[in-house]
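This is what each chain is made of:
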Amino acid sequence: MLAVIAAHPRHRVLFALVGGLLFAPLAIGALVAAALAGAVLTAAATRRPGAAIVAAFAVLLGGGVAQQRVLAFEQGVLARMDGRSVAGRVVLLEPLRDRGFGTAAGRVRLQDGPARGEQAVLRLRRTMLHGAAPEVGDVLGVRGWIEPLTRWEAFQHRRGALAAIAADDVQATGARRGGVSGALDGARRRAEAGLDRGLAPPEAALMRGMVLGEDERLSDDVRTDFQRSGLAHILAVSGQNVMLLATLVLFLGALTGLSLRGRLLVALGLVALYVPLTGGGPSIQRAGVMGAAGLAAALAGRGASRWYALGLAAAVTLALNPLTAGEPGWQLSFAAVVALLALGPGLRTVLARRLPAAIADAAAITVAATLGTAPLMALHFEQVSIVSLPANLVAAPAVAPIMWLGMLAAAAAQLSPALAVPFDALAAPLLAFVGAVAHVSARAPLAAVDVHLASPAALAAAYAALGAGCAALLRALGRAGPPAARRPAARRRRRIVAVLALALAGLGVGVAHARGRPAPPPPGELVVSFLDIGQGDATLLQYGGASILVDTGPPDGPILARLAAAGVDRLDVLVLSHAQSDHEGAALAVVRRFSPRLVLDGGAGWPTAVQRGLGPAEARAGGRVVTARAGQSLDLAGLRLRLLWPPPLAPAERPEGDPNERAVVAIASAGPIDVLLTADAESDITLPLALGHVDVLKVAHHGSADEGLPMLLRRLTPSVAAIEVGRHNDYGHPAPSTIAELRGIPVVRTDRDGTVRLHARGPTMTLERLGVGR
């Protein structure tokens, strides 16, 4: 890569510009360091002082552009409106996503007022929507308050949102945005209607994901299957879609007798249309620029440089939004392409010696992309798929036909959705096949390996190890450096051994960073961790080598990372207090990762996605699911758990009403310490229970207002109270009245203190506040 960049002046300038765009948002020191590094590398590669000066100037130019863009972005009107009311029209820019508790959120652009044209995250209750949910491009009337973005909405900030609107009222206006964006909205709706025609809902959802990048309709189980099998990339529109679209256009153009220049122009125009039609995410932006660069080079009669196209894609996407470099999708897209360009040819040559050309090509692409993205997958998702290569090889023959049929269906639907039916019918069995491959692969033993890279240093070490290992492998196979025949055998072996040693050393550093986690609590010490997982509950109890997790927090929360940071390798017991997503939302992910021996399920019988998936998912983990009820008790190496609520149901009886009223109430004990865990059961549930003094109280319902709390506190006389609550939540938790009633008791809160660990040895308790985000 470096040799290619150094060999061409335009490459050097372009990648220096990209370096400035990348480093400028971090700090001015990083920008200066990048400029000096660019100058030194250029001088070393070219031995021309003038080239070094140009490279340094390009770095500073890119940095200046990026800083101005970020400064203009951060100084928007919305950023200064915290706490102020807002009323007016907004345009929905993305589908609304469920956030649990009956709420939803989506990014919008304001159309009225001083912040006209700026973006925000609209938070609303589902009950505010009368009728069908609004679609992208719909104009809504909104009244509410401006609030800061939460940490869980940081990705929305990178996409352009400056603040959040906590809606008091949302009304559909019946209007839609106009202009080019409105025309694209109409084309997308017609394409969606065409892709839905004649397909069963699961296949239609998969077709939308593969062709348009819309994964909102995919079930959690299907999405998990694609992630664990290493097939998730086909649900994110990217370079593969652009390449297949261009191939389809060029082929159809040739059949109709269109000239090569005409075919290239049509392909270029359709790529420019396809990118915004699919939402214009980071990966498709990169692919669109690279595809357009290749087509433009072909139009000019010049060979396209893939490295130059990659640099151009990075420069364009970063110039549009310098903050997009923080998007996992952007990072994964570029990492995959770099790996394909650097490793693909060598791997293809080696594999072609023993495999048919088509299989060698597919295997080389899969191996290169998997290696290139594995460290980032470990950093962002804490998981790397082991079955990716076989799953991709098996699914590969069906992917391109599905894409082509889907694109033809979307095009035909622009005239009439009925015209898409033949294409959908042909795609249906192929879609079912790909879904089956993902499902079977995801359930293979060790389909996905848990790997957590804890820091950028660990990420760098992992990439260094991968780079050294790949270089050693290619050298050993005679595909890098001088031919083996020109090198004495002993010298060749020494070099291979040296490079492999470097790879292993780098890998060791990466693993040391990745596995850097605290040791389990020492014998005789109880550790109760009130975990910072956003708006929801998750409490971890560890004692004598045993571990019990009570609730998991919301489905998009960081519970897996929090458990790993606490040194958990396997759970003994998972308790789900009740069937609400802020308590049970991440249960299936926890079960898959930590394989609890027992699940005490307080949400059994409720029609939630977690409850529907818990039985099969837990069975795969090898444990048992037992309905939670009052009177149950456990004793694990001195860690005792007694359930006080809810009462058992009759054999044929189904739970109904408010799930909070049947939330599990339990006392956990170790030595002389008693911890009362109340989930969302407020005093109307807990006051009638036989309760006495407890040392620690997990305050009910995230600290919501509770008229009976004063009487409960007089009975319990806790020494410590903990409130598990999300920062900037939409519910006003914890309520001021609750905080007032707790005055005089040491109170810890996850919104303010982050994860809090209570250490108890005998009667002595100490609190450890880890800070927000930990």
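Residues numbered from 1 in each chain as written. Predicted model: local features only at pLDDT ≥ 70, side-chain atom pairs only at ≥ 80, totals over all residues. Heavy atoms only, no water.

Another aspect to go through is the overall build of the chain. On a plain count of helices and strands, the chain comes out with 26 helices and 23 strands. Here the chain holds 774 residues, and the buried ones make up 51% of them. A sequence separation of at least 24 residues applies to 67% of the contacts in the chain between residues at least 6 apart. Carbon and sulfur atoms make up 63% of the accessible area of the chain, which amounts to about 33,800 Å² in all. (Helix = DSSP H or I, 4+ residues; strand = E, 2+ residues; numbered from the N terminus. Buried < 20%, exposed > 50% of the residue type's maximum accessible area, 1.4 Å probe, protein only. Contact = heavy atoms within 4.5 Å. Areas by Shrake-Rupley, 256 points an atom, 1.4 Å probe, with all protein chains shown as cover.)

Ordered in space as 14-13-12-11-10-9-22-23, the 8 strands form an open sheet in which the pairing is mixed. Both outer strands of the open sheet, strand 14 (624–627) and strand 23 (764–769), are each paired with one neighbouring strand and no more. The sheet shows a mean angle of 15 degrees between the axes of neighbouring strands, taken without regard to direction. Pairing analysis gives 6 bridges linking strand 22 (residues 756–761) to strand 23, with the strands arranged antiparallel. Directly across from V756, in strand 23, lies its bridge partner R769. Of the strands in this sheet, strand 11 (546–550), strand 12 (573–576) and strand 13 (598–601) touch helix 21 (residues 587–594), which is tilted by about 175 degrees from strand 12. (Pairing = 2+ DSSP bridges. Axes fitted to C-alpha atoms, helices over the stretch in contact; angles between N-to-C directions.)

Looking now at the pattern of salt bridges. Under the counting rule described, the total for this entry stands at 22 salt bridges. A salt bridge links R176 to D138; the shortest N-O distance between them is 3.2 Å. Of this pair, R176 sits in strand 6 (residues 161–176) while D138 sits in strand 5 (residues 138–147); the two residues are 38 residues apart in sequence, bridging distant segments of the chain. By relative accessible area, which is 47% here, R176 ends up partly exposed. Since its relative accessible area comes to 13%, D138 is described here as buried. Here R208 and D196 are joined by a salt bridge, their closest N and O atoms 2.8 Å apart. Taken as a pair, R208 in helix 7 (residues 201–212) and D196 in helix 6 (residues 179–196) lie far apart in primary sequence, 12 residues in all. (Salt bridge = Lys/Arg side-chain N within 4 Å of Asp/Glu carboxyl O.)

Let us look at unusual backbone geometry. With omega at 15 degrees, the peptide bond leading from W645 into P646 counts as cis. Cis geometry is found at the peptide bond from H733 to P734, where omega equals -10 degrees. Take P734: it is sitting in the loop between strand 20 (720–723) and helix 25 (736–741). The phi dihedral of D551 is positive, around 75 degrees, even though this residue is not glycine. When you line up the elements, D551 lands in the loop between strand 11 and helix 19 (559–565). The phi angle at H728 is positive, at roughly 55 degrees, despite the residue not being glycine.

Moving on, we get to helix 8 (residues 220–228). Three or more residues of helix 8 are buried, namely T224, D225, F226 and R228. Among the residues trailing helix 8, G230 stands out with phi positive, at a value near 75 degrees.

The next thing to look at is helix 21. Burial analysis of helix 21 places 6 of its 8 residues in the buried class, which makes it a mostly covered element. Among all positions of helix 21, only A587, L588, V590, V591, R593 and F594 are buried. S595 lies just past helix 21 and shows a positive phi near 45 degrees.

To continue, consider the environment of V591. The residue V591 is located in helix 21 in this model. For the pair V591 and R570, spaced 21 residues apart in sequence, the C-alpha separation works out to 9.5 Å.

Looking now at a nonpolar patch on the surface. A cluster of nonpolar side chains, namely L258, V266, L270 and L273, defines an oily patch on the protein surface of about 290 Å² accessible area. Here V266 shows up in helix 10 (residues 260–277). (Patch = residues over 30% accessible without salt bridge, like charges linked within 9 Å, V, L, I, M, F, W, Y side chains within 5 Å.)

Turning to the packing of aromatic side chains, a few remarks are in order. Per the stated rule, a full pass over the model turns up 1 aromatic pair. Pairing W330 with F334 gives two aromatic rings, centres 4.4 Å apart and planes at 35 degrees, and the pair type is tilted. Taken together, the residues span about one helical turn, with W330 and F334 both in helix 13 (residues 328–351) at a distance of 4 residues. With respect to class, W330 is no different from F334; both count as buried. (Phe/Tyr/Trp six-rings, centres within 6.5 Å; stacked < 30°, edge-to-face > 60°.)

One finds M207, M210, F226 and L431 to be the most contacted residues of the largest nonpolar core, which totals 47 residues. Of all the secondary-structure elements, those providing two or more residues to this core are helix 6, helix 7, helix 9 (239–255), helix 10, helix 11 (282–299), helix 15 (388–413) and helix 16 (421–442). In this structure, V573, L598, V696 and V748 belong to the second largest nonpolar core, which totals 31 residues. (Core = buried A, V, L, I, M, F, W, Y, C linked by side-chain atoms within 4.5 Å.)

Across 4 bridges, the pairing between strand 15 (residues 633–636) and strand 16 (residues 639–645) is antiparallel. Its bridge partner lying in strand 16, L636 is registered against L639. Linkage of strand 15 to strand 16, two consecutive antiparallel strands, is achieved through a turn of 2 residues, within which A637 is found at a positive phi near 55 degrees. Relative to strand 17 (residues 665–670), strand 16 runs antiparallel, the two being bridged by 5 bridges. What sits directly across from W645, in strand 17, is V665.

Once that is clear, we can look at the side chain of E525. Tracing the backbone shows E525 in strand 9 (residues 525–530). A distance of 2.9 Å separates the side chain of E525 from the side chain of H759, its partner in a polar contact. (Polar contact = N/O pair within 3.5 Å; in protein donor to acceptor, adjacent residues only side chain to side chain.)

For the chain, the average pLDDT comes to 83, and 85% of its residues sit at 70 or higher. Mean pLDDT per element in the chain: helix 18 (residues 489–514) is the minimum at 42, and strand 19 (residues 696–698) is the maximum at 97. Segment residues 1–6: pLDDT under 50, and 11 contacts once partners within four positions in sequence are set aside and those in other chains are kept. (pLDDT = per-residue confidence, 0-100.)

Reading across the sheet, the 7 strands line up as 15-16-17-18-19-20-21 and stay open at both edges, with mixed pairing between neighbours. Here the strands that pair on one side only, and so sit at the sheet edges, are strand 15 and strand 21 (747–749). Strand-to-strand twist in this sheet, taken as the mean axis angle between neighbours without regard to direction, amounts to 15 degrees.

Along the chain, the position of A663 falls in the loop between strand 16 and strand 17. Separated by 85 residues in sequence, A663 and H578 have C-alpha atoms that sit 4.9 Å apart. In contact with A663, not counting residues within four places along its chain, are S577, H578, W645, P646, A679, D680 and A681.

Okay, the side chain of S333 next. Position of S333 among the secondary structure elements: in helix 13. Those residues in contact with S333, other than ones at most four positions away along the chain, are S283 and R286.

Moving on to the packing of helix 9 against helix 15. Between two packed helices, both the angle of their axes relative to each other and the distance between the axes serve to describe the pair. Two elements in contact, helix 9 and helix 15, have axes whose closest approach is 10 Å; the angle formed by their N-to-C orientations is 65 degrees. As judged from the angle between their axes, helix 9 and helix 15 are roughly perpendicular. Pair helix 9 / helix 15 crosses with right-handed handedness. Taking contact as the criterion, the partners of Q240, N241, L244, L245, T247, L248 and L252 in helix 9 are, on helix 15, V399, A400, M403, W404, M407 and L408. Split into classes, the residues belonging to the contact of helix 9 with helix 15 amount to 10 nonpolar, 3 polar and no charged. (Parallel < 35°, antiparallel > 145°, perpendicular 65-115°, else oblique. Left-handed = near helix turned anticlockwise from the far one by under 90°. Nonpolar A, V, L, I, M, F, W, Y, C, P; charged D, E, K, R; others polar.)

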